[in-house]
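# Descriptive analysis of the structure
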Amino acid sequence: MNVTHSLKVLLSNSRLPPKEARILLAHILEQHYQLPRSALMSRDDMVLSEAAQNAWQDLEARRMQGEPIAYVLGKKGFHNIELRVAPGVLIPRPETELLVDIALAEISRLSQIQDQSGPIQVLDLGTGSGAIALAIASAAPEVVGMATDQSEDALSIAQENAQLLGLSNRVKFAKGNWYEALDAQMRFDVIVSNPPYIAHLDPHLIEGDLRFEPSSALTDFASGLTCLEAIISRADPYLKLGGLIAVEHGFDQSEGIVQLMGMAGLVDIQVHLDLAGHQRAASGRKSRSDPS
Ligand code: GLN
């Protein structure tokens, strides 16, 4: 039998940075005892069961190996929802909440237009954990969403998240590469995507959390722009007149993306800054007047 220790001793003996040790131990308290995080302080003399202590040692060891906290916990907060995440999907990033907010602003504008009939149609390309589509649908009850991914693993996690959030009736999923997953007659008010945009040999790919994430969710294995180009250049047939497309991109890709949007005939092109002040997203609209 292992020696069991009090919470206080487990924390002070941990080789992890104190903040991380507290996050993981709070997770154990929640899972094994349904206790809130504050128990780390208020009940610091509490001695864990052997099972709980083994679970703690397992989480601690995984984090010591560098595994991202979100994978170790199996969850990540994003916008106003919590998502299940696992090694088959990109961990949702705070900067991606910008795309959700751009979409929600457009949705609220559309909702106020008198002649808007029926639900607002939103498409999320390369949905991963489902983060963007589900955060939008969760915040905007007037939305129905379609979310695609070419990864079976990602789709099954995204579908599970839709279920856990009670959104399966409003967000549907389809497997395929960008627009290939869709029926040709589908039209959307808003298209959003956070595609892989890191260039092939970018050193960040072999650092930190990114080492553990699926590389197909991070890089296009080329310049970084190929997926963004495919998404922007092929959007037109799937957008309603006046419809909005918004994409996330790398901090140094803004100029290229604005150019791609112009070449695709989009109008009202805008650059959006993330909370760190980086040009992180771009949006454009399909013209309201039908050119044909
Ligand atoms: N924003 C992510 C990062 O820099 C990259 C995600 C992506 O390629 N879409 O880690």
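Look a little higher up for the structure.
All residue numbers refer to position in the chain's written sequence, counted from 1. In keeping with the model being predicted, local features are shown solely for residues with a pLDDT of at least 70 and side-chain atom pairs are shown and tallied solely at 80 or more, while totals for entire chains, interfaces and linings include all residues. Side-chain descriptors were evaluated using all non-hydrogen atoms of the structure, hydrogens and water having been removed beforehand.

## A few points about the overall build of the protein chain
Formally: Put simply, DSSP H or I for four residues or longer makes a helix, DSSP E for two residues or longer makes a strand, and each gets a number counted from the N terminus. Residue exposure (1.4 Å probe, protein chains only): buried if accessible area is under 20% of the type maximum, exposed if over 50%, otherwise partly exposed. Only heavy atoms matter for contacts: two residues are in contact if any of them lie within 4.5 Å across the pair.
The secondary structure content of the protein chain amounts to 11 helices and nine strands. Expressed as lengths along the three principal axes of its C-alpha atoms, the size of the protein chain is roughly 75 × 45 × 35 Å. By the burial criterion, 49% of the 292 residues in the protein chain qualify as buried. Contacts in the protein chain between residues far apart in sequence, at least 24 positions, make up 65% of those at least 6 positions apart.

## Digging into the packing of helix α10 (residues 226-233) against helix α11 (residues 254-263)
The geometry of a pair of packed helices is captured by two quantities: the angle between their axes and the separation between those axes. Using the following cut-off: A fitted line through C-alpha atoms represents every axis, and for helices the fit uses only the stretch in contact; the resulting angles, taken between N-to-C directions, go from 0 to 180 degrees. To sort the angles, those under 35 degrees are grouped as roughly parallel, those over 145 as roughly antiparallel, those from 65 to 115 as roughly perpendicular, and the leftovers as oblique. The sense of a crossing depends on the near helix, which, turned anticlockwise from the far helix by less than a right angle, makes the crossing left-handed and, turned clockwise, makes it right-handed. Here the term charged refers only to Asp, Glu, Lys and Arg, the term nonpolar to Ala, Val, Leu, Ile, Met, Phe, Trp, Tyr, Cys and Pro, and the term polar to all other amino acids, Gly among them.
Two numbers describe how α10 lies on α11: the axes approach to 9 Å, and their chain directions differ by 25°. With respect to their mutual orientation, α10 and α11 come out roughly parallel. Of the two elements, α10 crosses α11, and the hand of that crossing is right-handed. Every residue of α11 that contacts α10 at Leu228, Glu229 and Ile232 is listed here: Ile257, Leu260 and Met261. For the contact of α10 with α11, the class distribution of residues is five nonpolar, no polar and one charged.

## Side note on the pairing of strand β5 (residues 171-175)
Rule in force here: Only when DSSP finds a minimum of two bridges between them are two strands counted as paired. Note on handedness: a crossover is taken as right-handed if, strands pointing away from the viewer, the path from the first strand over the helix to the second is clockwise.
Pairing analysis gives five bridges linking strand β4 (residues 143-149) to β5, with the strands arranged parallel. Residue pairing in the sheet places threonine 148 in a bridge with alanine 174 of β5. Traced from β4 through helix α8 (residues 152-164) to β5, the parallel crossover comes out right-handed.

## Some thoughts on the packing of aromatic side chains
Selection criterion: Aromatic pairing here means that ring centres of Phe, Tyr or Trp (its six-membered ring) are within 6.5 Å. Orientation follows from the plane angle: under 30 degrees is stacked, over 60 is edge-to-face, and everything else is tilted.
Tallied over the full model, the rule gives one aromatic pair. For the ring pair tyrosine 179 and tyrosine 238, a centre distance of 4.9 Å and an interplane angle of 10° mean the geometry is stacked. Taken together, the residues tyrosine 179 in the loop between β5 and β6 (188-193) and tyrosine 238 in the loop between α10 and β7 (239-248) connect sequence positions 59 residues apart. One exposure class covers both tyrosine 179 and tyrosine 238, and it is buried.

## Focus: the packing of helix α6 (residues 97-112) against helix α7 (residues 131-139)
Taken N-terminus to C-terminus, the directions of α6 and α7 make an angle of 40°; their axes are 10 Å apart at the nearest point. Of the possible angle classes, the one that applies to α6 and α7 is oblique. In this structure, the crossing between α6 and α7 has a hand that is right-handed. In contact with Leu99, Val100, Ala103, Leu104 and Ile107 of α6, α7 contributes Ile132, Ala135, Ile136 and Ala139.

## Regarding the pairing of strand β3 (residues 120-125)
When you tally the buried positions in β3, you get five out of six residues, the bulk of the element. You can see the chain leave β3, run along α7 and come back into β4, and the turn it takes is right-handed. The pairing of β3 with β6 spans four bridges and is parallel. In the strand pairing of β6, leucine 123 is matched with isoleucine 191.

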